[in-house]
Amino acid sequence: MNTLFSHVTQVPRDPILGLNELFQADSRPNKINLGVGVYYDEQGHMPLLEVVKHTEAQLAEHSAAKGYLPIDGIQNYNKGAQQLLLGKDASAIHQERAVTIQSLGGTGALRLGADFLKMVVPNAVVAISNPSWENHRALFEKAGFEVVEYPYYDSQTQNLDIEGMLHSLEQLAPQSIVVLHACCHNPTGIDPTFEQWQRIAQVLKEKQLIPFMDIAYQGFGDGLDEDAKAVRYLAELNIPMLISSSFSKSFALYGERVGALTVLTSTAEQSPKVLSQLKRMARTNYSNPPTHGAQIVNLVLNEPSRFAAWEAELSQMRLRIRTMRQQLVAKLAEHGVKKDMSFILDQQGMFSYSGLTQAQAQRLRDEDAIYLLDTGRICVAALNEDNLDTVATAIARVMADS
């Protein structure tokens, strides 16, 4: 028995969480973390939204015993999540073709959906964008799928390689699974235009591919309804699909693990059967979801005054990120960067594919205590008036030396 774990190998650090560990261990007083995917306010703090604070206070006043939730979570929460994604008048909702189950964040929704698809289409291939969120590959491989990549980012134009993407999707076998970022693509910040989404949808429908939409940043691009446009368009085409959604960023409820998995079926008769399978998978994994964060989101999504307050706060976060993009581009030019960096302004959401190389990112960590991913991904939401000039000066220097 002393040799039971002797063959266990060391796993490399997670590209994102591992970077955060290095940041925490850095003793330099002026260190800056641009790697972690968290929204920070102008003071560099993770915010507690006012609507969340007030809702929590109300819940505390009416505290009750902490009993188990149903396996699929709070029903009104699931209804609110559906309507936020699809719109209140969505035909999929009225035709009872939308099935939603509360999940352990967006990651939990992805894994639950992956396990469900492994039962439905066990021999399918999963296609993810190149690049994509690092955990996409690991999640689907752990579920037993072969994972391939489709072209997405064109490093020459710093834009979407739409022709390469479409060509690659056209080569996939029917019932292949295609993981798509519905908005605010992580890590690039580059989203298809609506016209490009229409072309993507045509290929999905003609090739009978299975879209798995990941929408972790609804509201951080152009707005709640605008950011759901691709999801709603595919839904109106009656394409069966899965949608992973998260409230971690939009409510700043990172540690509460509040997400949802929504499955769009072809008929109302299929929906209860799909839900029964999802509940069985949840039961044998984590039994039932946590209460607190979902209670907050439930109240906000389903009470008009709270919803309006949340939407206003979310708008402020979105506009601050946009301002930081503008100021970063201006500061880089001010500090002598000759390259046209205006592509940063066209990107959406919390992240920017800056074009920095792995060597440049390493220099920023070693020489300036500025932490970003080796891919050059920057969390724009971590920039503020106090650190912006420092960051721009350091980036300009490493770019000039290359």
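Each remark here, short or long, concerns the structure printed above.
Described below are features of the structure shown in this document. What you are looking at is a predicted structure, and each value in this text was computed from that prediction instead of being measured.

Observations regarding the overall build of the chain
Looking only at helices and strands, the chain has 16 helices and 13 strands in total. Taking 21 Å as the expected radius of gyration for a compact globule of 402 residues, we find that the chain reaches 21 Å, a close match to that expectation. With the principal axes as the frame, the chain shows a C-alpha extent of 65 × 60 × 55 Å. Across the 402 residues that make up the chain, the buried fraction comes to 54%. Relative to all contacts within the chain whose residues are 6 or more apart in sequence, the contacts with residues 24 or more apart total 75%. Accessible area for the chain stands at about 18400 Å²; split by element, carbon and sulfur atoms hold 50% of it. Computing the positive centroid from 35 side-chain charges and the negative centroid from 45, the chain places the two 5 Å apart.

Some remarks on the packing of aromatic side chains
Applying the stated criterion across every chain, the model contains 11 aromatic pairs. Measuring from centroid to centroid gives 5.9 Å for tyrosine 77 and phenylalanine 247, while their planes differ by 75 degrees, and the two rings are edge-to-face. Of this pair, tyrosine 77 sits in helix α3 (residues 75-86) while phenylalanine 247 sits in the loop between β9 (241-246) and β10 (258-264), and the two are 170 residues apart along the sequence. Each ring, one from phenylalanine 247 and one from phenylalanine 251, has its centre 5.6 Å from the other, and the planes form 85 degrees; the classification is edge-to-face. The exposure classification of phenylalanine 247 matches that of phenylalanine 251, with both residues buried. Over the face of the ring belonging to phenylalanine 145 we find lysine 118, whose NZ or CZ atom lies 4.9 Å from the ring centre. One Lys or Arg, lysine 229, reaches over the ring of phenylalanine 194 and ends 5.6 Å from the middle of that ring.

Observations regarding the nonpolar core
Nonpolar side chains tend toward joint burial in soluble globular proteins. Of all hydrophobic cores here, the largest spans 101 residues; its most connected members are Leu86, Met213 and Trp310. When residues of this core are assigned to their parent elements, the largest contribution, 8 residues, is made by helix α13 (residues 304-334). Other than its neighbours up to four places away in sequence, methionine 213 contacts Leu180, Ala182, Trp197, Ala230, Val231, Leu234, Met241, Leu242, Ile243 and Ser244. Counting residues in each nonpolar core, the second largest holds 35 residues, with Val99, Trp133, Leu139 and Tyr286 among its members.

A word on the pairing of β9
Walk down a regular strand and you will see the side chains alternate between the two sheet faces. Counting buried positions along β9 gives 6 out of 6 residues, so the element sits mostly inside the fold. The side-chain alternation of β9 yields two buried faces, one formed by Met241, Ile243 and Ser245 and the other by Leu242, Ser244 and Ser246. In the sheet, strand β8 (residues 210-215) pairs with β9 via 4 bridges, with the strands oriented parallel. Bridge pairing in β9 links phenylalanine 212 to leucine 242. Inspection of the sheet shows β9 paired to β10 by 6 bridges, in the antiparallel sense. Looking across to β10, one finds that serine 246 is bridged to glycine 259.

Observations concerning helix α8 (residues 194-206)
Counted at 1.5 Å a residue, the expected span for α8 with its 13 residues is 18 Å, and the 18 Å between its end C-alpha atoms agrees. Taken residue by residue, α8 has Gln196, Trp197, Ile200, Ala201, Val203 and Leu204 as its buried positions. End-on view of α8: buried residues confined to an arc of 160 degrees, all on one side of the axis. In α8, those exposed residues whose orientation departs by more than 90 degrees from the buried face are Glu195 and Glu206. Contacts made by the buried residues of α8 are with β6 (159-160), α7 (162-170), β7 (177-181), β8 and α10 (229-236). Backbone geometry just after α8 places glutamine 208 at a positive phi near 55 degrees.

Re the packing of α3 against α10
Between α3 and α10, whose axes approach to 8 Å, the crossing angle comes to 90 degrees. Taken as axis vectors, α3 and α10 run roughly perpendicular relative to one another. Residues Gln83, Leu84, Leu85 and Leu86 of α3 touch α10, and the partners they reach there are Val231, Arg232 and Ala235. Of the residues assigned to the contact of α3 with α10, the class counts are 5 nonpolar, 1 polar and 1 charged.

Criteria and thresholds
Residues numbered from 1 in each chain as written. Predicted model: local features only at pLDDT ≥ 70, side-chain atom pairs only at ≥ 80, totals over all residues. Heavy atoms only, no water. Helix = DSSP H or I, 4+ residues; strand = E, 2+ residues; numbered from the N terminus. Rg over C-alpha atoms; globule rule 2.2 N^0.38 Å. Buried < 20%, exposed > 50% of the residue type's maximum accessible area, 1.4 Å probe, protein only. Contact = heavy atoms within 4.5 Å. Areas by Shrake-Rupley, 256 points an atom, 1.4 Å probe, with all protein chains shown as cover. Lys, Arg positive; Asp, Glu negative; His and termini not counted. Charge placed at Lys NZ, Arg CZ, Asp CG, Glu CD. Phe/Tyr/Trp six-rings, centres within 6.5 Å; stacked < 30°, edge-to-face > 60°. Lys NZ or Arg CZ within 6 Å of the ring centre and 35° of its normal. Core = buried A, V, L, I, M, F, W, Y, C linked by side-chain atoms within 4.5 Å. Pairing = 2+ DSSP bridges. Expected span 1.5 Å × (residues − 1). Arc of directions from axis to C-beta. Axes fitted to C-alpha atoms, helices over the stretch in contact; angles between N-to-C directions. Parallel < 35°, antiparallel > 145°, perpendicular 65-115°, else oblique. Nonpolar A, V, L, I, M, F, W, Y, C, P; charged D, E, K, R; others polar.

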